[in-house]
Amino acid sequence: TCGIWIVDVPSVTVPDNSVFRCETISPEAEAAARLPLNHRAFWHIVEITARDAGGTALTRFNPPLKVCGYYDEDFLDTVGGDPTRLVIYSADGAGRRWTSLASTPEEDGVPRVCAEVDRLSLFRLVAQPPPWLGQLTSPLALGIAGGVCFLGVLVAVVLVVVPARRRGQPKAEAPAT
């Protein structure tokens, strides 16, 4: 285990006396690629590595390993109580892009999300927004939404504020002749 992380290793996957190591990495570190703006990461980034008894790095695993991240109520609240919105992301080193893994919540009531992996790397537990929110956060959609909001405010000013000001002004009297 490493903080919220656990690696389930089938006995036939690695040689006897192999050692797994994990290291937490600050999200501000060079190794941490940026997530999409509308995603929220939890806890730290963790780098998980493995070496056999002779010190040689183990890089591929067949059958795959199962990497799991535990979550708490705060994580779950962020995704509206839907643990299927919690997804494990991986990246293969410094500046690499995060890739979502096929992640599933455990069905036995244990508060964790798991993904099978055939190699180890950097991992993060991430709250993915609902699909419709992703559409709203693209630059084009944000520009359109901003324009619509601006037009809505402009219409409100014209329909509400201008007539109210006119009602508050004294009526113009006709000049006396």
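Because the structure is predicted, anything quoted here is derived from the model rather than measured. (Residues numbered from 1 in each chain as written. Predicted model: local features only at pLDDT ≥ 70, side-chain atom pairs only at ≥ 80, totals over all residues. Heavy atoms only, no water.)

Below, the discussion takes up the overall build of the protein. Scanning the protein from terminus to terminus reveals three helices and nine strands. Counting from the amino terminus, the protein carries its helices and strands in the arrangement β-β-β-β-α-β-β-β-β-β-α-α. When the 177 residues of the protein are sorted by exposure, 30% land in the buried category. When the accessible surface of the protein is split by element, carbon and sulfur atoms take 56% of a total near 11,600 Å². (Helix = DSSP H or I, 4+ residues; strand = E, 2+ residues; numbered from the N terminus. Buried < 20%, exposed > 50% of the residue type's maximum accessible area, 1.4 Å probe, protein only. Areas by Shrake-Rupley, 256 points an atom, 1.4 Å probe, with all protein chains shown as cover.)

We now examine the state of the cysteines. Any covalent bond linking the sulfur atoms of two cysteines counts as a disulfide. Inspection of the entire model under this criterion finds two disulfides. Across a sulfur-sulfur distance of 2.1 Å, C2 and C22 are joined as a disulfide pair. Across the disulfide from C2 to C22, rotation about the S-S bond amounts to roughly 105 degrees, and the bridge is consequently right-handed. Of this pair, C2 sits in the segment before β1 (5–8) while C22 sits in strand β2 (residues 19–25); the two residues are 20 residues apart in sequence, bridging distant segments of the chain. Judged by its relative accessible area of 10%, C2 falls in the buried class. In this model, C68 is linked to C114 through a disulfide, with the two sulfur atoms separated by 2.0 Å. Note on the C68 and C114 pair: the S-S dihedral is about 110 degrees, so by sign convention the disulfide is right-handed. Of this pair, C68 sits in strand β4 (residues 65–70) while C114 sits in strand β8 (residues 112–117), and the two are 46 residues apart along the sequence. Judged by relative accessible area, which is 1%, C68 ranks as buried. (Disulfide = S-S within 2.5 Å.)

This part is about the packing of aromatic side chains. For any pair of aromatic rings, the description consists of the separation of the ring centres together with the inter-plane angle of the planes. According to the stated counting rule, one finds three aromatic pairs in the structure shown. Consider the rings of W5 and F123, whose centres lie 6.3 Å apart with planes at 45 degrees: the pair is tilted. Taken together, the positions of W5 in strand β1 and F123 in strand β9 (residues 122–127) put the pair 118 residues apart, joining distant regions of the chain. Grouping residues by exposure puts W5 and F123 together as buried. (Phe/Tyr/Trp six-rings, centres within 6.5 Å; stacked < 30°, edge-to-face > 60°.)

In this section: the side chain of S121. Note that S121 resides in the loop between β8 and β9. At a separation of 3.3 Å, a polar atom in the side chain of S121 contacts the main-chain carbonyl oxygen of A91. Apart from the residues lying within four places of it in its own chain, the contact partners of S121 are V46, E47, I48, S90, A91 and D92. (Polar contact = N/O pair within 3.5 Å; in protein donor to acceptor, adjacent residues only side chain to side chain. Contact = heavy atoms within 4.5 Å.)

Below, the discussion takes up the nonpolar core. With 26 residues, the main nonpolar core has W5, L86, I88, L120, F123 and L125 as its most contacted residues. Elements with a minimum of two residues in this core: β3 (40–51), β4, α1 (73–78), β5 (86–91), β8 and β9. When residues of this core are assigned to their parent elements, the largest contribution, four residues, is made by β3. The residues contacting W5, other than those within four sequence positions of it, are W43, H44, V46, V67, C68, G69, I88, F123, R124 and L125. Counting 10 residues, the second largest nonpolar core, distinct from the first, contains I45, Y89, W98 and L122. (Core = buried A, V, L, I, M, F, W, Y, C linked by side-chain atoms within 4.5 Å.)

All right, on to the sheet that holds β3 then. Hydrogen bonding along the main chain pairs the strands of a sheet, whether they run parallel or antiparallel. The sheet built from five strands is open, its strands ordered β2-β3-β9-β5-β6 with antiparallel pairing. Each end of this open sheet is capped by a strand with a single partner; those strands are β2 and β6 (99–100). (Pairing = 2+ DSSP bridges.)

Within the fold, E106 resides in the loop between β7 (104–105) and β8. The contacts of E106, once residues within four sequence positions are left out, are K66, R112 and C114.

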